[in-house]
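This is what each chain is made of:
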Amino acid sequence: MHAWAAPDVPTLPGKGSLLRLHDTGAQAVRLTDPGETATMYVCGITPYDATHMGHAATYVTFDLVHRYWLDAGHDVHYVQNVTDIDDPLLVRALHTGDDWVALGDRETQLFREDMTALQVIPPRHYIGAVESIPAVISYIEKLRDAGAVYDVDGDLYFRVNADANFGSVAHLSDERMLEIFAERGGDPDRQGKEHPLDCLLWLLERPGEPSWDSPFGKGRPGWHIECSAIALDHLGIPIDLQGGGSDLAFPHHEMGAAEAQVATGVGPYARHYTHAAMVRLDGEKMSKSRGNLVFVSRLRAAGIDPAAIRLAILSHHYRTDWDWTDEGLAQAQERLAAWRAACAAPAAPGATPVLAAVRAHLANDLDAPAALSVIDRWAENTRLRSGASASEDSHAGGEIKAIVNSLLGVAL
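These figures come from a predicted structure and were not determined experimentally.

Participant: Just to check I follow, could you spell out the nonpolar core for this structure?
Facilitator: As a rule of thumb, soluble globular proteins bury nonpolar side chains together. The biggest cluster of nonpolar side chains holds 73 residues, and the ones touching the most others in it are Met53, Val65, Ile309, Trp324, Trp378, Ile400 and Leu408. Among the elements that make up this core, the one with the highest residue count is helix H1 (residues 53–71) (ten residues). Contacts of Val65, omitting those with residues within four sequence positions, involve Leu19, Leu21, Met40, Leu241 and Leu366. Within the second largest apolar cluster, 47 residues are counted, among which are Cys43, Ile137, Met177 and Leu248.

See below:
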């Protein structure tokens, strides 16, 4: 599966320092310290209802990480999946009368177009669940060899307690895990399971549903093993950063990490688990089930500059739940106009202190709102100097454009 075209990312003078980032597993902000190559896996979409603002906020968040690591001198090996076979996709296809493959292809292409518009750097490997089925099968076999797999009426389940560290990603009580598992695609009440939290690895073929050959019988993979297999095959273990929305910490990242650690006998699966907060509309979490989604493509079709959409996202810290509003978008449009006007001014304050300040704020757990405020102050100072003649700072506007494009992904 192919990703999308890479945006231009200007190279800036000097380089950024080590990135401090919140780690869900450690429950603290701590340093990331990758080697020459920084490895990152971010869970991708299930391709229906793409691309809503919750998606966009997540991928913009990890695009900031990608950009900062590049600025700090790392090569970044970024992998993202597409869950192009799963129950929600099949249910939607049945509801709309679409072929499930055509629906997935259409929504994945829309996602690519939105990511291109938002200047998100593409992953090096963009892998569909369907094309990863051979890898999934191989890791299920490894788990079976480790004694971590059992059969329930032909379906294969993973014994989560085969991993002694299960629970160390999300830090939830057993009661809370059971509650969330039931809400997010799990089946804690299924008869025949050894433990309510044990998760599905391979679903035996159901009538009328797609299936693939395997040593376990025709069927299809469970959700969590898909990402474990893709990450292990393309990045190895441990990866520097496992990322996604906060709703993935449990069960998806918890169970995926356990599967990977048991399959390989190595841990930790990831050095850092980082999660982006939820986006709400009218005070409620923006979600497919509620039908309260704001789509990037519809905003673009209405003539909204994608740079303003990105600025509206960046005006909120990635770990704070926030509300998408028309007022917030209007403020982002005003900010974008002010920045562009300042960059076109003949005389402006120098860019060197701006670069240092933006780098410092991003290094501090991706404090994008503070970084935006730095550019706001520069733009205001430029406006106040509007009567001044051109000076040695006359190239500052171009330098600011490069800073904003490189580190924030906003095209001025």
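Moving on from the coordinates now.
Participant: Help me understand helix H11 (residues 352–363), please; the structure alone is not making it clear to me.
Facilitator: Because an α-helix packs 3.6 residues into every turn, residues spaced three or four apart end up facing the same way. In a regular helix each residue adds 1.5 Å, so twelve residues correspond to 16 Å; H11 covers 17 Å between its end C-alpha atoms and thus fits that length. When H11 is considered as a whole, its buried residues turn out to be Val354, Leu355, Val358, Arg359, Leu362 and Ala363. Burial along H11 is one-sided: seen end-on, the buried residues are contained in an arc of 160°. For H11, the secondary structure elements touched by its buried residues are strand E1 (20–23), H1, helix H12 (368–384) and helix H13 (396–408). Of the residues one or two after H11, Asp365 is the one with positive phi, at around 60°.

Participant: What's the story with the sheet that holds strand E10 (residues 241–245) in this structure? I'm lost.
Facilitator: Pairing between sheet strands relies on hydrogen bonds along the backbone, with the strands arranged either parallel or antiparallel. The strand order E5-E4-E3-E10-E11 describes an open sheet built from five strands, whose pairing is parallel. Only two strands of the sheet have a single neighbouring strand rather than two, namely strand E5 (125–128) and strand E11 (273–276). Geometrically, the sheet is characterised by an average inter-axis angle of 20° between neighbouring strands, direction not taken into account. Looking at chain direction, strand E4 (residues 75–82) and E5 are connected through four bridges and run parallel. Residue pairing across strands places Asn81 opposite Ile127, the latter belonging to E5. Strands in contact with H1 are strand E3 (37–42), E4, E10 and E11; relative to E3, the strand with the most contacts, it is inclined by about 175°.

Participant: What is the right way to read the pattern of salt bridges from this model?
Facilitator: Close approach of charged atoms allows side chains with opposite charge to pair. Throughout the structure, instances matching the rule amount to 23 salt bridges. As a salt-bridge pair, Asp23 and Arg30 come within 2.8 Å of each other at their nearest N and O atoms. In this structure Asp23 comes out as buried when scored by relative accessible area, which is 3%. Owing to a relative accessible area of 31%, Arg30 belongs among the partly exposed residues under this scheme. Here Glu179 and Arg176 are joined by a salt bridge, their closest N and O atoms 3.0 Å apart. In this pair, Glu179 and Arg176 both sit in helix H5 (residues 174–183), three residues apart, roughly one turn of the helix. According to the relative accessible area criterion, Glu179 is partly exposed, its value standing at 43%. Of the residues examined, Arg176 reaches a relative accessible area of 33% and is grouped as partly exposed. Each member of the salt-bridge network shares a partner with another, and the members are Asp153, Asp155, Arg190 and Arg206.

Criteria and cut-off values
- Every chain's residues receive numbers from 1 upward, in the order its sequence appears when written.
- The predicted nature of this model means local features are confined to residues of pLDDT at least 70 and side-chain atom pairs, given and counted, to a pLDDT of 80 or more, with totals for whole chains, interfaces and linings taken over all residues.
- Only heavy atoms go into the side-chain values, all of them from the structure, while hydrogens and water stay out.
- What makes a nonpolar core is a set of buried Ala, Val, Leu, Ile, Met, Phe, Trp, Tyr and Cys residues whose side-chain atoms join them at distances within 4.5 Å.
- Relative accessibility under 20% of the residue-type maximum defines a buried residue, over 50% an exposed one, and the middle range a partly exposed one, all with a 1.4 Å probe and only protein chains included.
- Segments assigned H or I by DSSP are reported as helices when at least four residues long, segments assigned E as strands when at least two residues long, and all are numbered from the N terminus.
- Contact criterion: two residues are considered in contact whenever any of their non-hydrogen atoms come within 4.5 Å of each other.
- Under the convention used throughout, the expected extent of a helix is 1.5 Å for every residue step, that is, one less than its residue count.
- Within this analysis, the arc is defined by the directions that extend from the helix axis to the C-beta atoms.
- We call two strands paired when DSSP finds no fewer than two bridges between them.
- With axes taken as lines fitted to C-alpha atoms, and helix axes fitted only over the stretch in contact, angles between N-to-C directions fall between 0 and 180 degrees.
- A pair is scored as a salt bridge if a Lys or Arg side-chain nitrogen falls within 4 Å of a carboxyl oxygen belonging to Asp or Glu.

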